[in-house]
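# Descriptive analysis of the structure
Residues per chain are reported as follows:
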Amino acid sequence: MKKAFIITISFLIFTSSFGQSKFGNPEVDAIQIQKTFSNWSVYQSKNVMLSRDFTAIDVLSKEISKETFLDQLANGNFIPIRLKSEEGTYVYKLFKIQPKSDTSIKATINQIGFDALKNFRMEGTVFPPFSFKDLDGNIVSNETMKGKIIVIKCWYIHCTPCIREFPQVNKLTEEYKDRKDIVFISLAEDSAEQLKAFLSRKPLSYSVIPDMKEYMNEALQLNSFPTHFILNKKGLISKVLPNFESLEVALAKESKL
């Protein structure tokens, strides 16, 4: 009996260790990365992309849903760390925020988590009906865009991050210029007159729709800029994204479907 008990315990320890190791080890020390806000911020911005498809792991190394993971970031006391894994595979695990960590880390993570959770819950829903006229007088609507992948950038003139990514999104439109089934449009808060003057100095390769502040606030309920949408060919929201880096990854995947 005693021998059988020892074998059982050994088996449980082995299987438990195997269950944890299959997800890999953290790529950084979760405690050290919290020593300063700047250390954590640099890591977060370069290594964690919450809009991508990933395997979500809780603090006990148990796999959970992406929605639960994002909810924990939005409302809990955790930071996400990527676990070492094969190229192209993404596993993020929750780690407790240390009591002595800069309080800005928790506040920022909660906001990032809130935005990511809101964006995630929009996936698979119908984009609000629209019929806009761009700066060139072209009508852009649900009907005219049927059967196409639509990439939408939401921005305004005085949004520094929005403008900073102009060269990158312009390069993206060039990359997909031969794809007639992919359309790039942008919704801007500013008036046509303001936009024409601004874009003469800083060109944007998207079709630009002016006076969209009310639509973005009420229909889309946006609270951060830039925000990018990718709509699939059925008019459903495929992804809602906070920056060019996540847009580039998501569009590469959507364009192959």
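With mixed pairing, the four strands of this open sheet are ordered in space as β2-β1-β4-β3. Two strands close off the open sheet at either side, each with one partner strand: β2 (63-64) and β3 (78-82). As paired strands, β3 and strand β4 (residues 91-96) are joined by five bridges and run antiparallel to one another. Paired with P80 across the bridge in β4 is L94.

Take the side chain of D58 next. Among the secondary structure elements, D58 is positioned in the loop between β1 (55-57) and β2. Buried charged residue D58 carries no salt bridge. Nearest counter-charge: K62, at 5.7 Å. In terms of polar contacts, D58 uses its side chain to reach the backbone amide nitrogen of K62, at 2.8 Å. Excluding residues that lie within four positions of it along the chain, D58 makes contacts with I64, K93 and L94.

Turning to the pairing of strand β11 (residues 237-241), a few remarks are in order. Counting buried residues along β11, five of its five residues qualify, which places the element largely inside the surrounding structure. Pairing of strand β10 (residues 227-231) with β11, which is carried by four bridges, proceeds in the antiparallel orientation. Bridge pairing in β11 links L231 to I237. Hairpin connection, β10 to β11: the antiparallel pair is bridged by five residues, and G235 has positive phi, about 85 degrees.

Let's shift gears to the layout of surface pockets. Reported here for the largest pocket is a volume of approximately 880 Å³. In this structure, the largest pocket is lined by 38 residues; those nearest its centre are Q44, V48, I112, P242 and N243. Mapped onto the lining of the largest pocket, the elements with two or more residues apiece are α2 (37-47), α3 (66-75), α4 (103-122), β11 and α9 (244-254). In terms of residue count, α4 provides more of the lining of the largest pocket than any other element does, eight residues in total. Broken down by class, the residue content of the lining of the largest pocket amounts to 16 nonpolar, 13 polar and nine charged.

Attention shifts here to the environment of D181. Structurally, D181 is set in the loop between α6 (166-175) and β8 (182-188). Put simply, D181 and V249 are 68 residues apart on the chain and 18 Å apart in space, counted from C-alpha to C-alpha. Sequence-distant contacts of D181, defined by excluding residues within four places in its chain, comprise K148, I149 and K233. There is a polar contact of 3.0 Å between the side chain of D181 and the side chain of K233.

With that settled, consider the confidence of the model for the chain. For the chain, per-residue confidence averages 91 on the pLDDT scale, and residues scoring 70 or more make up 92% of the total. In this model, residues 1-21 is a region of pLDDT below 50 whose contacts with residues beyond four sequence positions or in other chains number one contact.

Take the packing of aromatic side chains next. One pass over the full model with this rule turns up 13 aromatic pairs. Ring geometry for F54 against Y92: centres 4.7 Å apart, planes inclined by 45 degrees, an arrangement best described as tilted. Of this pair, F54 sits in the loop between α2 and β1 while Y92 sits in strand β4, placing them 38 residues apart in sequence. Judged by its relative accessible area of 12%, F54 is buried. Judged by centre distance (5.1 Å) and plane angle (80 degrees), the ring pair of F132 and Y215 falls under edge-to-face. Note that F132 is positioned in strand β5 (residues 131-133) and Y215 in helix α8 (residues 213-219), a separation of 83 residues in sequence. There is no split in this pair, since F132 and Y215 are both buried. An aromatic cluster is built from F127, F130, F132, Y215 and F229, whose rings are joined through pairwise contacts. We note R52 situated over the ring of Y90; from NZ or CZ to the ring centre the distance is 3.5 Å.

About the cut-offs
- Residues numbered from 1 in each chain as written.
- Predicted model: local features only at pLDDT ≥ 70, side-chain atom pairs only at ≥ 80, totals over all residues.
- Heavy atoms only, no water.
- Pairing = 2+ DSSP bridges.
- Helix = DSSP H or I, 4+ residues; strand = E, 2+ residues; numbered from the N terminus.
- Buried < 20%, exposed > 50% of the residue type's maximum accessible area, 1.4 Å probe, protein only.
- Lys, Arg positive; Asp, Glu negative; His and termini not counted.
- Salt bridge = Lys/Arg side-chain N within 4 Å of Asp/Glu carboxyl O.
- Polar contact = N/O pair within 3.5 Å; in protein donor to acceptor, adjacent residues only side chain to side chain.
- Contact = heavy atoms within 4.5 Å.
- 1 Å grid on protein atoms, 1.4 Å probe; cavity = no way out; pocket = protein on both sides within 12 Å on 5 of 7 lines; lining within 4 Å.
- Points joined across faces, edges and corners; volume = space filled by probe spheres on them.
- Nonpolar A, V, L, I, M, F, W, Y, C, P; charged D, E, K, R; others polar.
- pLDDT = per-residue confidence, 0-100.
- Phe/Tyr/Trp six-rings, centres within 6.5 Å; stacked < 30°, edge-to-face > 60°.
- Lys NZ or Arg CZ within 6 Å of the ring centre and 35° of its normal.

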